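Each chain is listed here by its residues.
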Amino acid sequence: MSEHKAETPVEEPVEEPVEEPVEEEIEPCFPKEIHRGHRKRLRERFRREGLEHFEPHEALELLLYYASPRRDMNPVAHALLDTFGSLKGVLEASPEQLMTVHGVGEEAATLLSLMVPFFRRYSLALAEERPRIDSTAAAKAYALALLAGQRKEHFYVICLGANRSVLGRQLIAEGTVTEVAAYPRQVAETALNLAAQGVVLCHNHPDGLCEPSPEDAEVTEQLRTLLDLLDIRLLDHVIVACDAACSMAELGLLKWRFLFSRL
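Residues numbered from 1 in each chain as written. Predicted model: local features only at pLDDT ≥ 70, side-chain atom pairs only at ≥ 80, totals over all residues. Heavy atoms only, no water.

Description of the overall build of the protein
At step 1: Each helix and strand in the protein was counted, giving nine helices and five strands.
At step 2: Sequence-ordered secondary structure for the protein, helices as α and strands as β, is α-α-α-α-α-α-α-β-β-α-β-α-β-β.
At step 3: Residues classed as buried in the protein amount to 40% of the 263 residues present.
At step 4: Looking at the protein alone, contacts between residues at least 24 apart form 59% of all its contacts between residues at least 6 apart. (Helix = DSSP H or I, 4+ residues; strand = E, 2+ residues; numbered from the N terminus. Buried < 20%, exposed > 50% of the residue type's maximum accessible area, 1.4 Å probe, protein only. Contact = heavy atoms within 4.5 Å.)

Remarks on the packing of aromatic side chains
At step 1: If you walk through the whole model with that rule in mind, you get one aromatic pair.
At step 2: Plain terms: the ring middles of Phe-119 and Tyr-122 are 6.2 Å apart, the flat faces sit at 40° to each other, and that makes the pair tilted. Residue Phe-119 and its partner Tyr-122 are both found in helix 6 (residues 106-129); the two are separated by three residues, about one turn of the helix. (Phe/Tyr/Trp six-rings, centres within 6.5 Å; stacked < 30°, edge-to-face > 60°.)

Brief notes about the packing of helix 1 (residues 38-49) against helix 2 (residues 56-64)
At step 1: Relative orientation of the contacting elements helix 1 and helix 2 amounts to 105°, with a least axis distance of 10 Å. Accordingly, the angle class assigned to the pair helix 1 and helix 2 is roughly perpendicular. Here His-38, Leu-42, Arg-43, Arg-45 and Phe-46 of helix 1 lie close against helix 2, whose contacting residues are Glu-58, Glu-61 and Leu-62. (Axes fitted to C-alpha atoms, helices over the stretch in contact; angles between N-to-C directions. Parallel < 35°, antiparallel > 145°, perpendicular 65-115°, else oblique.)

Looking at the side chain of Thr-220
At step 1: Along the chain, the position of Thr-220 falls in helix 9 (residues 214-229).
At step 2: The exposure class of Thr-220 is buried, given its relative accessible area of 1%.
At step 3: Here Asp-216 takes part through its backbone oxygen, which lies 2.7 Å from a polar atom of the side chain of Thr-220.
At step 4: With sequence-adjacent residues up to four places away left out, Thr-220 is seen in contact with Leu-234, His-237, Met-248 and Leu-254. (Polar contact = N/O pair within 3.5 Å; in protein donor to acceptor, adjacent residues only side chain to side chain.)

So, the sheet that holds strand 4 (residues 233-241)
At step 1: Strands sit in the order 2-1-3-4-5 across an open sheet of five strands; the sheet is mixed. The open sheet has two free edges, formed respectively by strand 2 (166-174) and strand 5 (244-247), since each of these has just one partner strand. When the angles between neighbouring strand axes are averaged without regard to direction, this sheet yields 20°.
At step 2: Inspection of the sheet shows strand 1 (residues 154-160) paired to strand 3 (residues 198-204) by six bridges, in the antiparallel sense. Across the sheet, residue Phe-155 finds its bridge partner in strand 3, namely His-203. (Pairing = 2+ DSSP bridges.)

Some points on the packing of helix 2 against helix 3 (residues 74-84)
At step 1: The N-to-C vectors of helix 2 and helix 3 enclose an angle of 125°; their axes lie 8 Å apart at closest approach. Judged by the angle between their axes, helix 2 and helix 3 are oblique. Crossing angle aside, the handedness with which helix 2 passes helix 3 is right-handed. From helix 2, Pro-56, His-57, Leu-60, Glu-61 and Leu-64 reach across to helix 3, where they touch Asn-74, Val-76, Ala-77, His-78, Leu-80 and Leu-81.
At step 2: Here the residues of the contact of helix 2 with helix 3 sort into seven nonpolar, three polar and one charged. (Left-handed = near helix turned anticlockwise from the far one by under 90°. Nonpolar A, V, L, I, M, F, W, Y, C, P; charged D, E, K, R; others polar.)

Topic: the side chain of Asn-204
At step 1: Secondary-structure assignment places Asn-204 in strand 3.
At step 2: Here the side chain of Asn-204 touches Lys-152 through a polar contact of 2.9 Å, landing on its backbone oxygen.
At step 3: Polar contacts involving the side chain of Asn-204 include one to the main-chain amide nitrogen of His-154, which spans 2.6 Å.
At step 4: Each residue touching Asn-204, except ones within four places of it in the same chain, is listed here: Leu-147, Gln-150, Lys-152, Glu-153, His-154 and Val-240.

A short note on a nonpolar patch on the surface
At step 1: Together, Leu-192, Leu-229 and Leu-230 make up an exposed nonpolar region whose accessible area comes to about 310 Å².
At step 2: By the secondary structure assignment, Leu-192 is in helix 8 (residues 183-193). (Patch = residues over 30% accessible without salt bridge, like charges linked within 9 Å, V, L, I, M, F, W, Y side chains within 5 Å. Areas by Shrake-Rupley, 256 points an atom, 1.4 Å probe, with all protein chains shown as cover. Salt bridge = Lys/Arg side-chain N within 4 Å of Asp/Glu carboxyl O.)

What about unusual backbone geometry?
Leave glycine aside and you will find that most residues have negative phi; peptide bonds, for their part, are mostly trans.
At step 1: A positive phi angle, near 60°, is found at Asp-231, a position not held by glycine.
At step 2: Here Asp-231 lies in the loop between helix 9 and strand 4.
At step 3: A positive phi angle, close to 55°, is found at Cys-242, a residue other than glycine.
At step 4: Tracing the chain through its elements places Cys-242 in the loop between strand 4 and strand 5.
At step 5: Accessibility expressed as a relative area gives 38% for Cys-242, which makes it partly exposed.

Details of the environment of Leu-230
At step 1: Relative to the helices and strands, Leu-230 resides in the loop between helix 9 and strand 4.
At step 2: Sequence separation of Leu-230 and Ala-188 is 42 residues, and the distance between their C-alpha atoms is 8.2 Å.

Structural notes on the pairing of strand 4
At step 1: Most of strand 4 sits inside the fold, with eight of its nine residues counted as buried.
At step 2: Pairing geometry for strand 3 and strand 4, over seven bridges, is parallel. Across the sheet, the residue bridging to Cys-202 is Val-238, located in strand 4.
At step 3: Between the parallel elements strand 3 and strand 4, the chain passes through helix 9 in a crossover that is right-handed.
At step 4: For strand 4 and strand 5, the ladder comprises four bridges, and the chain directions are antiparallel. Bridge pairing in strand 5 links Val-238 to Ser-247. (Right-handed = clockwise from strand over helix to strand, strands pointing away.)

What follows is the structure in structure tokens.
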């Protein structure tokens, strides 16, 4: 009889338990020891002083840390300012434009391009806490809150009630507003639907020129004539460019003065 040797059991390898990494804030590796703790100092300085005394590159650097918390963003901040010319230019650039700068990824580009629209929402929220337009200054402030930072031309109608309160607003056209033939009808329909007694028009000039063009004056007169037939007063047409606003009523380009008290 042949002998059968018992097979020696093979031991299964024992897997060592893997420890989950603990998330912690890691100070980025800066090339020079003097820069260690720089990010923390920027944050503390902001909490202590606000942004008022920050240089543009410092403000950008602080913001960019929240998109890339482990990198030195100082060179990226300088590169952005060199590319777009100013802090304003950086914040108004599109995500696609921002991502052409070395070191700017999708997250950083999204964060930067979010700033101006976010501030616009904040400004509108402030304006709508006091939804009354009873002066040229109030009309300009409302239009600035609505249009500041827009990259395309937008045309809005703002409808007012007898007590000068804002009943509502409607975006009538986007793009080159003087080429949109349908918007006089839309302005009239919006004003009638909201039972407006007065209307303020506003649009922006993305090219940065605040003065009304001949086309602006022509369109405004057409709308004034149309609204007059409906017994609705066109009180003003405000043009916004960058951080400035121009009132056509204030310039004497409407047929009557800006008198909200007579609504």
